[in-house]
There are 2 protein chains.
Amino acid sequence: MIRRNPALAALAAGYLFPEIARRRRAFQEGHPDARIISLGVGNTTEPLTPHVTRRLVEAAERLGTRAGYTGYGDEQGLAELRAKIADVLYGGLVAPDEVFVSDGSKCDIGRLQLMFGGGIPVAVQDPAYPVYVDGSVIAGAASRAGADGRYGGITYLPCVAENGFMPDLAALPRDGLVYFCSPNNPTGAVATKAWLAGLVKEAQAKGCIIIFDAAYSEYIRDPALPRSIFEVEGARTCAIEVNSFSKSVGFTGVRLGWTVVPRELAWEGGSPVAADWNRIMTTIFNGASNLAQQGGLAALEPEGRREGAALVAHYMGNADLIAKGLAAQGIASCGGDNAPYLWAAFPGRSSWEVFEEILERCHVVTTPGSGFGPCGEGFVRFSAFGRREDVVEAVGRLVRLGG
Amino acid sequence: MIRRNPALAALAAGYLFPEIARRRRAFQEGHPDARIISLGVGNTTEPLTPHVTRRLVEAAERLGTRAGYTGYGDEQGLAELRAKIADVLYGGLVAPDEVFVSDGSKCDIGRLQLMFGGGIPVAVQDPAYPVYVDGSVIAGAASRAGADGRYGGITYLPCVAENGFMPDLAALPRDGLVYFCSPNNPTGAVATKAWLAGLVKEAQAKGCIIIFDAAYSEYIRDPALPRSIFEVEGARTCAIEVNSFSKSVGFTGVRLGWTVVPRELAWEGGSPVAADWNRIMTTIFNGASNLAQQGGLAALEPEGRREGAALVAHYMGNADLIAKGLAAQGIASCGGDNAPYLWAAFPGRSSWEVFEEILERCHVVTTPGSGFGPCGEGFVRFSAFGRREDVVEAVGRLVRLGG
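Residues numbered from 1 in each chain as written. Chains lettered and ligands numbered in written order. Predicted model: local features only at pLDDT ≥ 70, side-chain atom pairs only at ≥ 80, totals over all residues. Heavy atoms only, no water.

Geometrically, a packed helix pair is captured by the angle between its two axes and the distance between the axes. The interhelical angle for the contact between helix H3 (residues 50–63) of chain A and helix H3 (residues 50–63) of chain B, taken along N-to-C directions, is 175°, at an axis separation of 8 Å. Taken together, the axis directions place H3 of chain A and H3 of chain B in an arrangement best described as roughly antiparallel. Residues Thr53, Leu56, Val57, Ala60 and Glu61 of chain A of H3 of chain A lie in contact with H3 of chain B, whose contacting residues are Thr53, Leu56, Val57, Ala60 and Glu61 of chain B. Split by residue class, the contact of H3 of chain A with H3 of chain B holds six nonpolar, two polar and two charged. (Axes fitted to C-alpha atoms, helices over the stretch in contact; angles between N-to-C directions. Helix = DSSP H or I, 4+ residues; strand = E, 2+ residues; numbered from the N terminus. Parallel < 35°, antiparallel > 145°, perpendicular 65-115°, else oblique. Contact = heavy atoms within 4.5 Å. Nonpolar A, V, L, I, M, F, W, Y, C, P; charged D, E, K, R; others polar.)

The interface of chain B with chain A comprises 81 residues on the first partner and 81 residues on the second. Interface of chain B and chain A: buried area, both sides summed, is about 6,900 Å²; carbon and sulfur atoms make up 58% of it. Where chain B packs against chain A, one counts ten salt bridges. Linking Arg66 of chain A and Glu46 of chain B is a salt bridge whose minimum nitrogen-to-oxygen distance equals 3.5 Å. The interface formed by chain B and chain A contains 36 residue pairs in polar contact (both at pLDDT 80 or more). Secondary-structure elements contributing two or more residues to the side of chain B that touches chain A are H3, helix H5 (105–116), helix H6 (130–138), helix H8 (246–249), helix H9 (273–284) and helix H10 (290–299) of chain B. A per-element tally of the side of chain B that touches chain A places H5 of chain B first, with seven residues. Its residues placed into classes, the side of chain B that touches chain A shows 35 nonpolar, 29 polar and 17 charged. (Buried area = accessible area lost by both parts, 1.4 Å probe. Salt bridge = Lys/Arg side-chain N within 4 Å of Asp/Glu carboxyl O. Polar contact = N/O pair within 3.5 Å; in protein donor to acceptor, adjacent residues only side chain to side chain.)

What follows concerns unusual backbone geometry. With an omega of 5°, the peptide bond running from Asp126 of chain B to Pro127 of chain B counts as cis. Its location among the elements puts Pro127 of chain B in the loop between strand E3 (122–126) and H6. Between Ser182 of chain B and the following residue, Pro183 of chain B, the backbone shows a cis peptide bond with an omega angle of -5°. Tracing the sequence through the fold places Pro183 of chain B in the loop between strand E7 (177–181) and helix H7 (193–206). Although it is not a glycine, Phe165 of chain A adopts a positive phi angle of roughly 60°. Relative to the elements of secondary structure, Phe165 of chain A occurs in the loop between strand E6 (154–158) and strand E7 (177–181). Even without being a glycine, Asp175 of chain A presents a positive backbone phi close to 50°. Examined against the element boundaries, Asp175 of chain A turns out to sit in the loop between E6 and E7.

Quick look at the sheet that holds strand E11 (residues 333–335) of chain B now. Residue and element names in this part refer to chain B. The four strands lie next to each other as E11-E12-E15-E14, forming an open sheet whose pairing is antiparallel. Where the open sheet ends on each side, the last strands, each with one partner, are E11 and strand E14 (367–368). Contacting E11, strand E12 (341–345) and strand E15 (379–383), helix H11 (residues 302–328) crosses the sheet at an angle of about 10° to E12. Of the strands in this sheet, E14 and E15 are in contact with helix H12 (residues 351–362), which crosses E15 at around 45°. (Pairing = 2+ DSSP bridges.)

Now for the pattern of salt bridges. Following the criterion strictly, the structure yields 55 salt bridges over all chains and no others. Arg279 of chain B is the salt-bridge partner of Asp134 of chain A, the closest N and O atoms lying 3.1 Å from each other. One end of the pair, Asp134 of chain A, is in helix H6 (residues 130–138); the other, Arg279 of chain B, is in helix H9, on a second chain. Across the pair, exposure class does not vary: Asp134 of chain A and Arg279 of chain B are buried alike. Three or more residues are tied together by salt bridges with common partners; here these are Asp97, Glu98, Arg236, Arg263 and Glu264 of chain A. (Buried < 20%, exposed > 50% of the residue type's maximum accessible area, 1.4 Å probe, protein only.)

Roughly 1,100 Å³ of volume is contained in the second largest pocket. Around the second largest pocket sit 48 residues that line it, and Phe17, Val41 and Asn43 of chain A together with Tyr72 and Gly73 of chain B are the ones nearest its centre. Looking at the lining of the second largest pocket, the elements with two or more residues in it are helix H2 (16–30), strand E1 (37–38), helix H5 (105–116), helix H8 (246–249) and helix H13 (388–397) of chain A together with H9 of chain B. Tallying contributions element by element places H2 of chain A first for the lining of the second largest pocket, with seven residues. Looking at the lining of the second largest pocket residue by residue, the classes come out as 18 nonpolar, 16 polar and 14 charged. (1 Å grid on protein atoms, 1.4 Å probe; cavity = no way out; pocket = protein on both sides within 12 Å on 5 of 7 lines; lining within 4 Å. Points joined across faces, edges and corners; volume = space filled by probe spheres on them.)

A few words now on the domain arrangement of chain A. How big an interface is tends to be expressed through the accessible area that disappears when the partners come together. Residues and elements named next belong to chain A. Segmentation of chain A into domains returns domain 1 (6–47 + 305–402) and domain 2 (52–302). Here the C-alpha centroids of domain 1 and domain 2 sit 24 Å apart. Taken together, the 39 residues of domain 1 in the interface contact 48 residues of domain 2. By the criterion of area lost to domain 2, the three top residues of domain 1 are Tyr15, Arg305 and Asn338, representing 22% of everything that side buries. At the boundary of domain 1 with domain 2, the tally comes to two salt bridges. Of the charged contacts in the structure, one is a salt bridge between Asp320 and Arg221, with a shortest N-O distance of 3.0 Å. Scanning the region where domain 1 abuts domain 2 turns up 18 residue pairs in polar contact (both at pLDDT 80 or more). At the level of elements, helix H1 (6–9), H2, helix H11 (302–328), strand E11 (333–335), strand E12 (341–345) and strand E15 (379–383) are the ones that each hand at least two residues to the side of domain 1 that touches domain 2. Of the residues forming the side of domain 1 that touches domain 2, the biggest block, nine residues, is contributed by H11. Residues of the side of domain 1 that touches domain 2, tallied by class, amount to 23 nonpolar, ten polar and six charged. (Domains from an automatic or database assignment.)

Okay, here's the thing in structure tokens:
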């Protein structure tokens, strides 16, 4: 028999979100009349916008014609889409051939982890989006977690109220891979340009590569805050950026994202990282759906951009309602001003216990903070993704927590 | 600086198909008036069929409505699609929850390689679809290739005219991973049920797991030939099957595939492989596009199945034309009867040299056999994917090879 990959054997329990879904189902079965509202998973709920929908419909129609049919495209994505991302979203800070289009940033993170392999130190914000840690374990970059829930070989960078949810950069490992997410999932904290400049400087000094997750960049309302790490000088020699159309135009189900690998980024010895990334993408990936890519093109046209901004404004309106609702119950929270997540503090309590209490009393699904890392203990995450009437209803039910 | 992943450093040259595209572009630049026809990459050329197109259009329209919008779906795919694949394509030989829907089998093979990791022996047919070897090298399962072009740690199973392009099963490694593709890419050879039974028996005896690539199963015209390895008794304890909608309904660009992991399949020690596959799919994958999945559902309805059969018949008509054209030039070939590929023999010659000669004389792109492995030397692959008028034209030009 084949031996189980020891990296998989090191991986603890199940992935966070399926576990939440399981608990939700269990509660629903026990309470068939409860109308559960989810402010848990960051899942978009609003329909695709008209301009983007029209383009998807046309793209599907065209695939049914001899003149319009296309088979395999370039694994790196349509040249037109790569150019439009570089232009519209980066204002030319990155070149079209540095943009690699994909089926989403979660999937790209998995492929990046495969590219980096198991032999290097990894650092993550704590708390963080679970894929950074779980995927690193799968790639062999970590050893089994100890009693404290922390995997060996991974440096956890505490992000807590005391440091404004921005990690201590002195703790970065040498020659390692550093995951950094801003606007942050789950805390909602957003790095300033000065702070990112410090991160870039420290990464350069330590020989680190940053994987900058900008999936929520469109949720930044404050124009002074950076939407891309490439707004910071020096980032091109030490950073990869992943991003997605999921949260900006509701493509969570349609599947479209991208990764920027600057051509200056090099391994020890000088060979370009982008060449290896291109090899990974051409060898074990086969391009994002041609339908999704047409939708992405429409989303980057002026009309698509206007619609996308309105969509984001809707979700940010939800965030404002949740922030007020939490405050009304005396629950301290941060985030939600330039990010679709609110990080609510329940000091001294277990996250899963709070999760269960909110589910039982309010019939509202949240995400337990400890699912994002040990420093998430005592917090739950509220997601602003939801229909307005559901959010209003859910926020109204929070009063039951006071009882 | 971060050390380059040694597995990537072990990987030779570029992925095959981009190299072919590069040579084609170079020839076109030198001969701007040449009308090059590709019988190279197995890329579909016929429009999507009406029933499937209609469903894709409707699915796109629905995403633009409040009632029809969907965000993230289950990472494993729509329950309805998993059930339909199990029922329509496997006649219940596999269960719906053993079917994992994805964005294509090339991508699934990459994720399978990540799951298996670098610590196990790998065996491949020689020649074979390049992703089996290249992806194994990326996953760390092989060491740098020697002067003969063979990577260390990989067992190459020669598939040559003398053995009817079916490998010697005695050469399977112990406790290893065995890739097997039938109908075969590139040779067009198809395993009989008796032959597959022998493979399963040998895999069981040696403790191997087979990755059975059935991407061309719909091209089997002979009803006696097996379309799935699960038609063979015992396969459920030793095989994983990958397949795709790319070649059966022209979804090369739309992106939709699936992998079957039977629940009986276990690691040494007894833990189920399916649990790890589920963990991989939920952690570093986020579901196939919801649009593509709706198209897949339509393709499995009776009308979609009829349309798909006609599409396959079109490409197989091309295969018949290519077979006749090669025979008329006295070029021996096999395949093309139950597979969309013909494997043409040019004994004693270099594949790349033949590739260049056909490109220069006929302005036809083929695929050099050596790109699929050392035993592919002296062959080129002709793909039956193409428009009828192009295939007729390309076949007519083959006469120039006689000159």
